[in-house]
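Remarks on the overall topology
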Amino acid sequence: INSGLQNKLKFKPFDLYCKQADLWMEDKSVILDYDNEEDQTDWLFTEIQRCKDNTLYFCNKYGYIKEDRSENGMLQYKAWEAQMVLLFLFDCWYSMIIGKARQIGFTTTMCLAGMKRVNLNKSYFIKFVTHSKDKGIEIFRDKVKLTYTKIPDYMAQEVKNWTDQIMNFDKKGDRKGRDEGGGSRFQVDSPAIDSINGGSPSAVFVDEIGLFEI
């Protein structure tokens, strides 16, 4: 795709990844379809595992984005092809530096994917470094915290510390089928010589790297 997405070549693992997300999206069952705790726990375990395995599925099913032209200020996320590629690379656990066109929802997609990881994994720490503190706080508010509030209660971990620069997640009660998310956090930081190393993050997102003074 380096010469343009219209010139893309077929890549079977990516095609299977997208087909898997589509197949799971066809399953319209919800937790309230089951009337006993054991079946609800089984459904929830399967659903959480699907979300962990395929971030494209999670984003298309549970993701929302801020949109002032919509009636309630939010629109359900639907990945474009370029965003599908990004989420596939994210789930491959690659380290990435990506040059991109403007206005393709790149930051929105990465924040949604990152929020999923801290919500569904234990002791997972994402540090989000932006070229200015004010910009980081704005993105964090609109693309991470607001999105988190749209996750169903049975999927969302409890936030025990919520400020304009950090969300600390705690394990939500003692529910069967829930054993993820405890001790994780998503934190905004400004660029500094020790920004990335401080706190030993699991992943670091660096936004608008071209604006950084090197």
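Quick summary incoming for the structure in this document. Remember, it's a predicted structure, so these values are computed and weren't measured experimentally.

Cut-off values and rules
- In every chain, residue numbers begin from 1 and rise along the written sequence.
- Local features are withheld for residues below a pLDDT of 70 in this predicted model, meaning they are given only at 70 or higher, and side-chain atom pairs are given and counted only at 80 or more; totals for whole chains, interfaces and linings count all residues.
- The side-chain numbers reported here are obtained from all heavy atoms of the structure, hydrogens and water having been left aside.
- Think of a nonpolar core as a cluster: buried Ala, Val, Leu, Ile, Met, Phe, Trp, Tyr and Cys residues, connected wherever their side-chain atoms sit within 4.5 Å.
- Relative accessibility thresholds used throughout: buried, under 20% of the residue-type maximum; exposed, over 50%; partly exposed, between the two (1.4 Å probe, protein chains only).
- Counting from the N terminus, the helices are the DSSP runs of H or I reaching at least four residues and the strands are the DSSP runs of E reaching at least two.
- Contact definition: two residues touch when any of their heavy atoms are within 4.5 Å.
- Within 6.5 Å between ring centres, the rings of Phe, Tyr and Trp (the latter by its six-membered ring) count as paired, and their orientation is classed by plane angle as stacked under 30 degrees, edge-to-face over 60, tilted in between.
- By the criterion adopted, a ring carries a charge over it if an Arg CZ or a Lys NZ lies within 6 Å of its centre and within 35 degrees of its normal.
- Salt bridges are defined by distance alone: a side-chain nitrogen of Lys or Arg within 4 Å of a carboxyl oxygen of Asp or Glu.
- Under this scheme, a helix contributes an axis fitted over its contacting stretch, all axes are lines through C-alpha atoms, and angles between N-to-C directions fall in the 0 to 180 degree range.
- Orientation labels follow simple angle bins: below 35 degrees gives roughly parallel, above 145 gives roughly antiparallel, 65 to 115 gives roughly perpendicular, and whatever is left gives oblique.
- Here the rule is simple: two strands pair whenever DSSP picks up at least two bridges between them.

Quick look at the nonpolar core now. In terms of nonpolar packing, the biggest core is built from 47 residues, with F58, Y148, F186 and F205 touching the most fellow members. Tallying contributions element by element places helix α5 (residues 106-120) first for this core, with eight residues. Setting aside residues no more than four positions away along its own chain, Y148 makes contact with M115, N119, A156, Q157, E158, V159, W162, M167 and F169.

Let us look at the packing of aromatic side chains. Applying the stated criterion across every chain, the model contains 13 aromatic pairs. For the pair F58 and Y62, a centre-to-centre distance of 5.8 Å together with 40° between the ring planes defines the contact as tilted. Of this pair, F58 and Y62 both sit in helix α3 (residues 55-62), separated by four residues, roughly a single helical turn. The buried category is assigned to F58, whose relative accessible area is 1%. Each residue in the set F90, F128, F140, F186 and F205 is aromatic and connected to the rest through ring pairs, giving one cluster. We note R117 situated over the ring of F90; from NZ or CZ to the ring centre the distance is 3.7 Å. R117 extends its terminal NZ or CZ atom over the ring of W93, reaching a point 3.4 Å from the ring centre.

Scanning the model with the defined rule gives seven salt bridges in all. A salt bridge links D27 to R50, with the nearest nitrogen and oxygen atoms 3.1 Å apart. One end of the pair, D27, is in the loop between α1 (12-25) and α2 (37-53); the other, R50, is in helix α2, and 23 residues separate them in sequence. The shortest N-O distance in the salt bridge between K66 and D142 comes to 3.5 Å. Placement of the pair is K66 in strand β1 (residues 64-66) and D142 in helix α6 (residues 133-148), with a sequence separation of 76 residues. Each of K66, R141 and D142 takes part in salt bridges that share partners, so that together they form one network.

As a further point, take the packing of α3 against helix α4 (residues 81-91). It is the contact of α3 with α4, at a shortest axis distance of 8 Å, that shows an interaxial angle of 130°. Comparing the axis directions of α3 and α4 gives the class oblique. Between α3 and α4, the contacting residues are T55, L56 and C59 on the first element and M84, L87, F90 and D91 on the second.

In this section: the sheet that holds strand β6 (residues 185-189). In space, the five strands of this open sheet follow the order β4-β5-β6-β3-β7, with mixed pairing throughout. Two strands bound the open sheet, and with one partner strand each, they are β4 (158-162) and β7 (203-206). Ignoring which end each strand starts from, the neighbouring axes of this sheet average 20° apart. Direction of pairing for strand β5 (residues 166-170) relative to β6: antiparallel, over a ladder of three bridges. By the bridge assignment for β6, M167 is matched with F186. Packed on one face of the sheet, α5 meets β3 (125-129), β5, β6 and β7 and runs near 140° to β6. On top of the sheet, α6 reaches β3, β4, β5 and β6; it is set at about 30° to β5, its chief contact.

On the secondary structure map, I48 appears in helix α2. Given the relative accessible area of 4%, I48 is considered buried. Along the sequence, I48 and M155 sit 107 residues apart, while their C-alpha atoms lie 7.6 Å from each other.

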